[in-house]
Amino acid sequence: MINRNLLMEVDWLLIGILLLNSLLGCLFVYSASHHLTGPYHLRQILWIVVSLAALAAILVVDYKTLIAYAPFFYGAGILMLVGLLVGGRLIAGTKSWFRVASLGFQPSELMKVFLILMLAKLFADYRRNTLSAAMALLSGGLVGMPLVLVVMQPDLGTAVSYLPIFLSVFILAGMSRKMAVVLLLLAIGLAILSWNVFLHDYQKQRLMTLISPGHDPQGAGYQIQQSKIAIGSGGLLGKGFKQGSQSQLNFLPARHTDFIFAVLGEERGFVGILAVMGAFFLLLFRLFRTVPLARDRAGVYVVFLSAVLISFQFLVNILMVVGLFPVAGVPLPLLSYGGSSLLTTYLCVGLAINVRMRRFANV
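Scope of this entry: the structure provided in the associated data block. Position numbers for residues start from 1 in each chain and track the written sequence from start to end. Confidence filtering applies because this is a predicted model: local features only for residues at pLDDT of at least 70, side-chain atom pairs given and counted only at 80 or more, and all residues used for totals across whole chains, interfaces and linings. The side-chain figures draw on all heavy atoms in the structure; neither hydrogens nor water molecules are used.

### Here we look at the packing of helix H12 (residues 222–233) against helix H14 (residues 260–290)
Which entries qualify depends on this criterion: Only C-alpha atoms enter the line fits that serve as axes; for helices the fit covers just the stretch in contact. Angles between N-to-C directions range over 0 to 180 degrees. Secondary structure counts use DSSP, requiring at least four H or I residues in a row for a helix and at least two E residues in a row for a strand, with both numbered from the N terminus. For classification purposes, an angle smaller than 35 degrees is called roughly parallel, one larger than 145 roughly antiparallel, one from 65 to 115 roughly perpendicular, and anything else oblique. Each crossing gets its hand from how the near helix is turned against the far one by less than a right angle, where anticlockwise is left-handed and clockwise is right-handed. The contact rule is simple, with two residues in contact once any of their heavy atoms fall within 4.5 Å.
Axis separation between H12 and H14 bottoms out at 7 Å; the angle between their running directions is 30°. Classified by the angle their axes make, H12 and H14 are roughly parallel. The two elements H12 and H14 cross, and the hand of that crossing is right-handed. Contacts between H12 and H14 involve Ser227, Ala230, Ile231 and Ser233 from the former and Phe261, Ala262, Gly265, Glu266 and Ile273 from the latter.

The structure is reproduced here in structure tokens:
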């Protein structure tokens, strides 16, 4: 149990901001999906309850203990990803989900949390000013293993979300200029190899659509075209709740998941976008302010990696919706429909709060 002193150190404001963003997400999920089969907004509320329970559970255990057991969490995550590839059901073209009744669970999302804990354990006692080649290879391998397994599902969008964790570790550990150049060259080589060997045709079409927005408007470019129309038609104040033509008349695909931001723009306009983004930026601001409060190196890694992961997914989703990033299936944290993504975000925020509330060694 948490003693009274620890309860006083809980960042209740951050939890309140987290819930505010989650409830805003439920509101727009309802608007985007109320005419679809299935009560998506009710399922999202259920996932909020589950995620809150998980956040509360993670606060009970000292983050140092969680980091100590990180290899077991990491190993369990790898086993789940391998299990999906071997015996998972093909759903929407990928083997990404375990299904329990009508709810689906995505292990690749939870693996992000396990990876953050594992990297925090690896660098907890690292004292060099610059990142050594051995540690770079080891940390790169830890990130690379789940990343490759997720790409094999194939789920390129979730795999992309592992990259900011990888780069953030290198930045915190003191990446040298020489290593930065090597990474850049490796990235270019990997991009060329992926284009010629690994990428599917539909993924290449999405990249071509990014370069040429008018390319294939009825195919690969359809989602982006409809998304831009939806956001642009919202104007200053929007068309009103459940009044968006693109979303309500089924022109906009994935409107309650990856393209929820377009629904926001169409229904609430530029003012609504600013308000919702302001609420989310407040969450990110509070997270990043927690980084210097960590009492040790492991805590810094946990909070910083969690904050960067959430920030990256938020930025990529918005860029994707407005046509500045390929459609990669990256959900908007807290706002898009999806229980696994919601749970992962809550766990990341819970880890940050855990570090903050135990910032005094004698508490």
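Moving on, there is more to tell.
### Remarks on the nonpolar core
As a reminder of what qualifies: What is meant by a nonpolar core is a set of buried Ala, Val, Leu, Ile, Met, Phe, Trp, Tyr and Cys residues, joined one to another through side-chain atoms within 4.5 Å. Summary of the burial criterion: residues with accessible area below 20% of their type's maximum are buried, those above 50% are exposed, and those between are partly exposed, where the area comes from a 1.4 Å probe applied to protein chains only.
Core analysis: the largest hydrophobic core is formed by 103 residues, its most contacted members being Leu131 and Phe261. The residues contacting Phe261, other than those within four sequence positions of it, are Ile231, Ile273, Met277, Asn317, Ile318, Val321 and Leu332.

### Thoughts on the packing of aromatic side chains
Note the threshold: Centres within 6.5 Å are what make two rings of Phe, Tyr or Trp a pair, Trp counting through its six-membered ring; a difference in plane orientation under 30 degrees is then read as stacked, over 60 as edge-to-face, and the rest as tilted.
Within the structure shown, the criterion is met by ten aromatic pairs. An angle of 45° between the planes, with centres 6.0 Å apart, marks the rings of Tyr69 and Phe72 as tilted. Since its relative accessible area comes to 61%, Phe72 is described here as exposed. Judged by centre distance (4.6 Å) and plane angle (50°), the rings of Phe166 and Phe170 are tilted. Of this pair, Phe166 and Phe170 both sit in helix H9 (residues 163–173), four residues apart, which is roughly one turn of the helix. Here Phe170 falls in the buried class, since its relative accessible area comes to 2%. Of the aromatic side chains, those joined through ring pairs into one cluster are Phe123, Tyr126 and Tyr301.

### Focus on the pattern of salt bridges
Rule in force here: Salt bridge, as applied in this entry: a Lys or Arg side-chain nitrogen positioned within 4 Å of an Asp or Glu carboxyl oxygen.
By the definition in use, this model includes seven salt bridges. Here Asp62 and Arg358 are joined by a salt bridge, their closest N and O atoms 3.8 Å apart. On the criterion of sequence distance, the pair formed by Asp62 in the loop between helix H3 (40–60) and helix H4 (63–68) and Arg358 in the segment after helix H16 (339–357) is long-range, its members being 296 residues apart. Of the charged contacts in the structure, one is a salt bridge between Asp296 and Lys64, with a shortest N-O distance of 2.9 Å. Of this pair, Asp296 sits in the loop between H14 and helix H15 (297–321) while Lys64 sits in helix H4, placing them 232 residues apart in sequence. Judged by its relative accessible area of 18%, Asp296 falls in the buried class. Taking relative accessible area as the criterion, Lys64 reaches 36% and is therefore assigned partly exposed. Linked through salt bridges whose partners overlap, the residues forming this network are Asp11, Arg286 and Arg356.

### Quick look at the environment of Arg255
With respect to the helices, strands and loops of the structure, Arg255 is situated in the loop between helix H13 (245–248) and H14. Sequence-wise, Arg255 and Ser227 are 28 residues apart; in three dimensions their C-alpha atoms are separated by 8.9 Å. Not counting chain neighbours up to four residues away, the residues in contact with Arg255 comprise Ala32, His35, Leu36, Ser247, Asn250, Ile260 and Val263.

### Examining unusual backbone geometry
With an omega dihedral of -10°, the bond running from Gln153 to Pro154 counts as a cis peptide bond. Tracing the backbone shows Pro154 in the loop between helix H7 (133–151) and helix H8 (156–160). Although it is not a glycine, Leu334 adopts a positive phi angle of roughly 75°.

Shape descriptors only; they carry no functional weight alone.
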